[in-house]
Amino acid sequence: MWIDTHCHLDASEFDADRDEVARAAHDAGVSRVVIPSVGRGNFETVRELAQRVPGAVYALGIHPLYTPRAVDADLDRLRMEIEASLADPRFVGIGEIGLDYFVPGLDDARQQFFYNEQLKLAREFDLPVICHVRKSQDQVLKGLRRQAVSRGIAHAFNGSFQQAQAFIDQGMHLGFGGNVTFERALQIRRLAEQLPLEAIVLETDAPDIPPAWRYKARNTPDQIPRIGAVLAELRGIDENALALGTMANARAALPRLALSSA
Ligand SMILES: [Zn+2]
């Protein structure tokens, strides 16, 4: 049994075959799939999708790359959606939120504002966060510390060992996916090999971040076991041990996973 802790199953790339993609994941042993939202426009979509797809769960949040089209009132809407979702066992947390210093042209004050306000919501409702951390490790961490948010996932983690340790010390788990399958991705592979297993969760970020064998093609959640096998080999451990360990870690990072069944 595996879990994909980050999959944009609502993305238009899956419009033609979404149900088949979900079924293939389930058949491959990926019993749980976490679907984060990216903005007000898809809060409803991810919720409905999680209710329709067996084993799927959802998170609600405004993604940093979607802040240019977001308005302040979206935060009020998010609060209402969170309140309405608390009784839904498939709702697992706040995400995808965070900061992006890779994509040029983002208004930094604006993305900082949305990140910070959503951290306050996480704190208020005692919910974990799923963070987008792209060239922004220190700034994302600073926000978590400032708002005392101490549970969740730093998704697609890529940083130094020191930064990784700082996230772990803050109570966060680190998400690894297709990137670890590239032999030239030395730093990510070193992290995936040497960080404590307790810190690691698996994710695809499908349709993005395809593994090496799907280079430049669409990524899908059924790739999790094969990505997990690469990670297990890197760490020199049994695939089952890795599956069990990362599954337990995902439950620790997103405790509401225990509320719904696969
Ligand atoms: Zn994402």
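Numbering of residues begins from 1 in every chain and follows the order in which that chain's sequence is written. Only residues with pLDDT of at least 70 get local features here, since the model is predicted, and only at 80 or more are side-chain atom pairs given and counted; chain-wide, interface and lining totals rely on the full set of residues. To obtain the side-chain values, all non-hydrogen atoms of the structure were used and water was disregarded.

> Account for the coordination of the zinc ion, naming residues and giving values.
Listed donors are limited to N, O and S atoms within 2.8 Å of the metal, widened to 3.2 Å for Na, K and Ca; water is not among them, so incomplete-looking sites are possible. Protein coordination at the zinc ion: the donors are His6 (NE2), His8 (NE2), Glu96 (OE) and Asp205 (OD), at 2.1 to 2.8 Å from the metal. Square planar and octahedral sites, with four and six donors, are those where opposite donors lie more than 155 degrees apart and all other angles lie between 65 and 115, tetrahedral sites have four donors with every angle between 85 and 135 degrees, and the rest are irregular. The coordination sphere of the zinc ion comprises four donor atoms, whose angles at the metal cover 84 to 170°; the geometry is irregular. Residue burial is assigned from relative accessible area. The probe radius is 1.4 Å, only protein chains are included, and a residue is buried under 20% of its type maximum, exposed over 50%, and partly exposed in between. Residue class for His8 comes out buried when judged on its relative accessible area of 10%. Its relative accessible area of 8% is what places Asp205 among the buried residues.

> Before we move on, could you go through the UniProt feature "binding site: a divalent metal cation 1" (unreviewed entry) in the protein and cite the residues and values that matter?
Residues annotated by UniProt as "binding site: a divalent metal cation 1" (unreviewed entry) correspond here to His6, His8, Glu96 and Asp205. Spanning 200 residues, the named residues nonetheless gather at one spot, since no C-alpha pair among them exceeds 11.1 Å. Comment: elements are numbered from the N terminus, with helices defined as DSSP H or I runs of at least four residues and strands as E runs of at least two. For His6, the location among the structural elements is in the loop between strand S1 (2-4) and helix H1 (18-27). For His6, a relative accessible area of 0% puts it in the buried group. Contacts were defined at the residue level, with two residues in contact if any of their heavy atoms lie within 4.5 Å. The contact partners of His6, leaving out residues within four places of it in the chain, are Val34, Pro36, Glu96, Ile130, His155, Glu203, Thr204, Asp205 and Ala206. Definition of a polar contact: a pair of N or O atoms within 3.5 Å, with one able to donate and the other able to accept a hydrogen when the atoms are protein atoms, and with sequence-neighbouring residues admitted only if both atoms are side-chain atoms. Here His8 takes part through its side chain, which lies 3.1 Å from a polar atom of the side chain of His6. Position of His8 relative to the elements: it lies in the loop between S1 and H1. Residues contacting His8, with those up to four places away along its chain left out, are Phe14, Pro36, Val38, Glu96, Asp205, Ala206 and Pro207. UniProt positions are given in the numbering used here, feature names are shortened, and annotations may be inferred rather than shown by experiment.

> How would you explain the UniProt feature "binding site: a divalent metal cation 2" (unreviewed entry) in the protein if you had to name every residue and give the values?
Listed under "binding site: a divalent metal cation 2" (unreviewed entry) in the UniProt record, and renumbered for this structure, are His132 and His155. For the annotated residues, spread through 24 residues, the largest C-alpha to C-alpha distance comes to 5.7 Å, consistent with a single compact locus. Along the chain, His132 falls in strand S5 (residues 129-134). Overall, His132 belongs to the buried group, its relative accessible area being 8%. In this structure His132 touches His63, Pro64, Glu96, Ile97, Gly98, Leu99, Asp100, Val140 and His155, once residues within four positions along its chain are discounted. A polar contact of 3.1 Å, which involves the side chain of His132, links it to the side chain of Glu96. Its location among the elements puts His155 in strand S6 (residues 152-155). With a relative accessible area of 3%, His155 lands in the buried category.

> Break down the environment of Pro207 for me, with residues and values.
Take Pro207: it is sitting in the loop between strand S8 (200-202) and helix H8 (224-235). According to the relative accessible area criterion, Pro207 is buried, its value standing at 9%. Excluding residues that lie within four positions of it along the chain, Pro207 makes contacts with His8, Ala11, Glu13, Phe14, Ala217, Arg218 and Asn219.

> Give a description of the pairing of S5 that names residues and reports values.
With five of its six residues buried, S5 lies for the most part within the structure. Two strands form a pair only when DSSP identifies at least two bridges running between them. Of the strand pairs in this sheet, strand S4 (residues 91-100) and S5 are connected by six bridges, and their pairing is parallel. Bridge pairing in S5 places Ile97 opposite Cys131. Direction of pairing for S5 relative to S6: parallel, over a ladder of four bridges. Within S6, the residue paired with Ile130 across the bridge is Ile153.

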